[in-house]
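Results of the structural survey
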Amino acid sequence: DQSDELLTMIKNILEATKVEAKKIKADLDWMSPVSFLNDLRKVYSFSLGKHLTLDWDYPSNLPLIQSDYEKLKQILHNLINNALKFTEKGGITVSARYCAEEQKMEFEVVDTGPGIPHEMVPSIFEMFRQLDGSETRTYGGMGLGLYIVKKFTDVLGGDISVRSEPGKGSAFKVTLPVREELNRGSN
């Protein structure tokens, strides 16, 4: 729906403006990743059409983490929406894992889309960066989604990594600390 797409674009512009003005802070609170993912899953309960499946893969016993619910939601929304936009057929998997030895929570969005050319991977998190900048490009958007993903991941004290192979899809992994040390310097 065009109004939803416009609303998302406006929201992304506002978030990017705040990020650029350095007015973004983490509003940390204890949250259940399972409840969070269950809520997120409801947002995507519509029929995808195409020849596409959206799978959710996470255990029911993930520990509480201290994070910013809204920023984490925006991160995963942007990653899932990108995967939906670029993947014509196959599948998208949203997963979460707790790594006890490293005290980290990993959220990953994997798709079977077109993948990202290796030379483009280092620049995909830049503002207004789009893989296809031509006038006749197939996909809409302003190139703010991954920029916001990166900035919000940084604000949450985490890391983001990308694995991609042209023609075979992409995997975006967000790794967040789960210890209370995440609370340093915010508030």
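If you're wondering where the values come from, they're calculated on a predicted model, not measured in any experiment.

**Observations concerning the packing of helix α2 (residues 33–43) against helix α3 (residues 69–86)**
- As a packed pair, α2 and α3 sit with axes 11 Å apart at the nearest point and diverge in direction by 45°. Relative to α3, α2 is oriented oblique. The hand of the α2/α3 crossing is right-handed. Counted together, Phe36, Leu37, Asp39, Leu40 and Val43 of α2 and Tyr69, Leu72, Lys73, Leu76, His77 and Ile80 of α3 form the full contact between these two elements.
- Broken down by class, the residue content of the contact of α2 with α3 amounts to 8 nonpolar, 1 polar and 2 charged.

**Comments concerning the environment of Val121**
- In this structure, Val121 sits in the loop between β5 (104–111) and α4 (145–155).
- A relative accessible area of 22% means that Val121 is categorised as partly exposed.
- C-alpha separation for the pair Val121 and Ser164, spaced 43 residues apart in sequence, amounts to 8.2 Å.
- Every residue in contact with Val121, bar those within four places of it in the chain, is listed here: Ile116 and Val162.

**Here we look at the sheet that holds strand β2 (residues 51–57)**
- Strands sit in the order β2-β4-β5-β7-β6 across an open sheet of 5 strands; the sheet is mixed. Of all strands in the sheet, those bounded by a partner on one side alone are β2 and β6 (159–165). Mean inter-strand twist for the sheet, computed between neighbouring axes without regard to direction, equals 10°.
- Sheet topology places strand β4 (residues 89–99) next to β5; 8 bridges connect them, and they run antiparallel. The partner of Val94 across the bridge, within β5, is Val109.

**Concerning the confidence of the model for the protein**
- In this model, the protein carries a mean pLDDT of 82, and residues with pLDDT of at least 70 account for 74%.
- Per-element mean pLDDT across the protein ranges from 63 in helix α1 (residues 2–20) up to 97 in β5.
- Here residues 132–140 scores under 50 on pLDDT; set against residues more than four positions off or in separate chains, the count is 7 contacts.
- Contacts of residues 180–187 to residues separated by more than four positions or lying in other chains number 13 contacts, the stretch itself having pLDDT below 50.

Procedures and definitions
Numbering of residues starts from 1 in every chain and runs along the sequence as written. For a predicted model such as this one, the threshold for reporting local features is a pLDDT of at least 70, and the threshold for listing and counting side-chain atom pairs is 80 or more; totals across whole chains, interfaces and linings nevertheless cover every residue. The side-chain numbers reported here are obtained from all heavy atoms of the structure, hydrogens and water having been left aside. What counts as an axis is a line fitted to C-alpha atoms, over the stretch in contact for a helix, and the angles between N-to-C directions run from 0 to 180 degrees. Strands here mean DSSP runs of E at least two residues long; helices mean DSSP runs of H or I at least four residues long; both are numbered from the N terminus. Angles below 35 degrees are treated as roughly parallel, those above 145 as roughly antiparallel, those between 65 and 115 as roughly perpendicular, and all remaining angles as oblique. Working rule for handedness: look at the near helix, and if it is turned counterclockwise from the far one by less than a right angle, call the crossing left-handed; if clockwise, right-handed. Two residues form a contact once any of their heavy atoms are found within 4.5 Å. When residue character is reported, Ala, Val, Leu, Ile, Met, Phe, Trp, Tyr, Cys and Pro are called nonpolar, Asp, Glu, Lys and Arg charged, and the others, Gly included, polar. Categorising residues by exposure relies on relative accessible area from a 1.4 Å probe, with only protein chains included: less than 20% of the type maximum marks a residue as buried, more than 50% marks it as exposed, and the intermediate range marks it as partly exposed. Strands qualify as paired when DSSP identifies two bridges or more between them. Confidence of the predictor in every single residue is expressed as pLDDT, which spans 0 to 100.

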